[in-house]
Amino acid sequence: MEGIHNMTTTPTTSINEMRRSGIDVVGDRPWGTHFCNFYESRKDLLDMLVLYFKAGLEDNEFCVWVVSEPLSEQEVWDGLREAVPEFDHYLSKRSIEVFDGRAWYLKGGAFDSRRVLTAWDQKIEQALDRGYAGLRASGNTAWLHKNDWSAFSEYEGLISGSVAGKPAVVLCTYALGSCGANEVLDVVSTHQFATAMRHGTWELVETPELKQAKAEIKKMNDELESRVLQRTKELEAANQKLNQAQAELAHINRVMTMGELTASIAHEINQPLAAIVGNAKAGVRLLVCPSPDLEEVQYALTDIAEQGDRAAEIIARISAQIKNAKAEKTAVDINESVREVLALAHRELEKHQVSVRTELAPALAPVIGDRIQLQQVILNLIMNGVEAMESVTSHPKTLVIASQSDQSGASVSVQDSGIGIDPGNGKRIFEAFFTTKPQGMGMGLAISRSIVEEHGGQLMFSPNADQGSTFRFSLPFAA
Amino acid sequence: MSTVEERRVVAIVDDEKPVCRAIGRLVMSAGFKSEIFSSAEEFLRSCRERRPDCLILDLSLPGMSGLELQQQLAADCCRTPIVVVSAHNDPVSRSQALQGGAVAFLGKPFDDEALLEAVHSAMKPENPKQVSTPAF
């Protein structure tokens, strides 16, 4: 069975599938190819057609060879038998049929293009029904008389339309010697391309339409490729933006952690505090009753002790969390940190109708510190300023954020025009859980101060001459 | 001093047990009997057998919320006066609770005197007017 290919190929076939033409100069062509050949000698014609059909047989195509002078049917069979290995196998399968040209084209006496086209269509159907991939055909026009030329030329044009989209490859052969210039032009224009024997070799002659079509396909491919490249670039840029946005989001989350931390501290610490205060007050009331229920008072005191321990545990856990947060100290451009935090707080500032003025010292040397923690401090001071101005209506709410430098380091100040700090509370504002805000937890400034001190700096506040307060923290320069 | 059988019962629904017990002791010190529940569902089961004379209710509870319990009691035509005590001391929660029929709304942390005052006035049948103390 060696040398026999595609014996099990199913009849299903893609119309865009490439077929081996068997002819070097033609190469692989898709189904629907309709081309012509101008031959000079019998031998050229036979050699080329044998190769053409050999490829068809090997690739599981049903082959129909319509023979005219100068070739005889016998020569064709002999040529095939010599060139195709296992030719008897194809013969027994009836994979190839050879017809006489006059009988094929002039059946019924005259050339009838419709009848011939129908006959080809039937051959295609027959090929598929019998499990072949498609039809490979060749016809010769030696029978053609000059007076049938125009009808035949029209038929050739119809074939191109007819085989387009069908699993068929058609090769029409013309004797170059019997074609004048007009005929050659007619033939070339009705086929997709031509092959011709020139100077002892086969050459490919393409029609302008085919050349144009090929050029257009190339252009479209190039355009497609450039569009794909463009899209890929856009996609890469979008991906990069996405990564950037994710990194920013992660950064925002880390900076915002302090706010979340104080909120969760508020929630956790409130419960034991409420229980302690409630039990203590109930205990006092129970004791002053005419006949005090001392057992119940004892239970209340036990609860108080337990809840006191619970509160202490919560505070210890939070302190540990704050201390354990690994500080990654690098050189930090504090002006840049201020700008980043302002970008984060932008929405909040807008919501509270606070306008911000920055007075950042130019060419400020970097400080050494943990960028995230320093931003947490700046954000906390800004949000405190916003809250201090919450009830202000008599003047515009303005926050002035400034950076300065001196010999030892840089400092950042946040100045609000808010309600200010009661002088009596001045010493306590940095204590944990000290707050004057209805919803405040009293952790922000305490945490901020511990961060700044851990960086070898100081966090201070001073009342403004007119209204509001200014918070300022200093940090040593990077060595 | 009235006997145990005659003492009026104040139910307390709060999922935070130590807070619940503290409120219980406060109402005990004022001469009431206290019953404490950690969820609205637990309270509803007990309420079917005996209705308390007053209910001190937390709003944020696991499962059925304090507001939902208020609605359920209203649907059951339960006339037990309700004093709401909540950490969510915002105008929306406050007005929702009062519109839902609570006779008083107190923010957490609460003042013991304000709470007992609210309980006392809630149980006066001739004086069912709503009391709403400012945030402490």
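This next bit is on the overall build of chain A. Along chain A, the regular secondary structure elements total 12 helices and 16 strands. A buried classification covers 33% of the 479 residues belonging to chain A.

Residue and element names in this part refer to chain A. Sheet architecture is open: 7 strands sit in the order S5-S4-S6-S7-S3-S8-S9, paired in mixed fashion. A single partner strand is all that each edge strand has here, and the edge strands are strand S5 (96-100) and strand S9 (201-206). The average undirected angle you get between the axes of adjacent strands in this sheet is 20°. Sheet topology note: the strand S4 (residues 61-67)/strand S6 (residues 134-140) ladder contains 5 bridges and is parallel. Among the inter-strand pairings, Glu-61 is bridged to a residue of S6, identified as Gly-134. Each of S4, S6 and strand S7 (168-175) touches helix H5 (residues 113-129); the most contacted strand, S6, lies at about 145° to it.

Residue and element names in this part refer to chain A. Relative to the 21 Å expected for 15 residues at 1.5 Å per residue, helix H6 (residues 149-163) spans 21 Å between its end C-alpha atoms, a close match to the ideal helical length. Those residues of H6 lying buried are Phe-152, Glu-156, Ile-159 and Val-163. For H6, the arc enclosing every buried residue in end-on projection is 55°, short of the 170-degree limit, so these residues lie on one face. Exposed residues pointing more than 90 degrees away from the buried face of H6 are listed as Ser-150, Glu-154 and Gly-161.

Bringing the nonpolar core into the picture now. One finds Val-13, Ile-56, Val-83, Val-84, Ala-104 and Val-119 of chain B to be the most contacted residues of the largest nonpolar core, which totals 50 residues. With 7 residues, helix H1 (residues 17-29) of chain B is the single largest residue contributor to this core. Sequence-distant contacts of Val-83 of chain B, defined by excluding residues within four places in its chain, comprise Cys-54, Ile-56, Ala-102, Val-103, Ala-104, Leu-106, Ala-118, Val-119 and Ala-122 of chain B. Grouped together as the second largest cluster of nonpolar side chains are 47 residues, Ile-23, Val-50, Val-187 and Ala-196 of chain A included.

All names here are of chain A. At a minimum axis separation of 9 Å, helix H10 (residues 334-351) and helix H11 (residues 371-388) run at an interaxial angle of 40°. On the basis of their axis angle, the class for H10 and H11 is oblique. Classified by chirality, the crossing of H11 by H10 is right-handed. Mapping the contact onto sequence places Ser-337, Val-338, Glu-340, Val-341, Leu-344, Ala-345, Glu-348 and Leu-349 in H10 and Arg-371, Leu-374, Gln-375, Ile-378, Leu-379, Ile-382 and Val-386 in H11. Its residues placed into classes, the contact of H10 with H11 shows 10 nonpolar, 2 polar and 3 charged.

It is worth spelling out the sheet that holds strand S16 (residues 469-476) of chain A at this point. Residues and elements named next belong to chain A. The 5 strands lie next to each other as S11-S13-S14-S16-S15, forming an open sheet whose pairing is mixed. What marks the edges here is a single partner per strand, and that holds for strand S11 (355-359) and strand S15 (458-463). Across the sheet, the axes of successive neighbouring strands diverge by a mean angle of 15°, strand direction being ignored. Where strand S13 (residues 398-405) meets strand S14 (residues 409-415), 6 bridges bridge the pair, whose relative direction is antiparallel. Across the sheet, Gln-404 pairs through a bridge with Ser-411, a residue of S14. The strands that H10 touches are S11, S13 and S14; relative to S13, the one it contacts most, it runs at about 170°. Taken strand by strand, H11 contacts S13, S14 and S16, and its axis lies near 25° from that of S14.

Reading the values: the criteria
- Residues numbered from 1 in each chain as written.
- Chains lettered and ligands numbered in written order.
- Predicted model: local features only at pLDDT ≥ 70, side-chain atom pairs only at ≥ 80, totals over all residues.
- Helix = DSSP H or I, 4+ residues; strand = E, 2+ residues; numbered from the N terminus.
- Buried ≥ 20, exposed ≤ 12 C-beta atoms within 10 Å, placed from the backbone.
- Pairing = 2+ DSSP bridges.
- Axes fitted to C-alpha atoms, helices over the stretch in contact; angles between N-to-C directions.
- Contact = placed C-beta atoms within 7 Å.
- Expected span 1.5 Å × (residues − 1).
- Arc of directions from axis to C-beta.
- Core = buried A, V, L, I, M, F, W, Y, C linked by C-beta atoms within 7 Å.
- Parallel < 35°, antiparallel > 145°, perpendicular 65-115°, else oblique.
- Left-handed = near helix turned anticlockwise from the far one by under 90°.
- Nonpolar A, V, L, I, M, F, W, Y, C, P; charged D, E, K, R; others polar.

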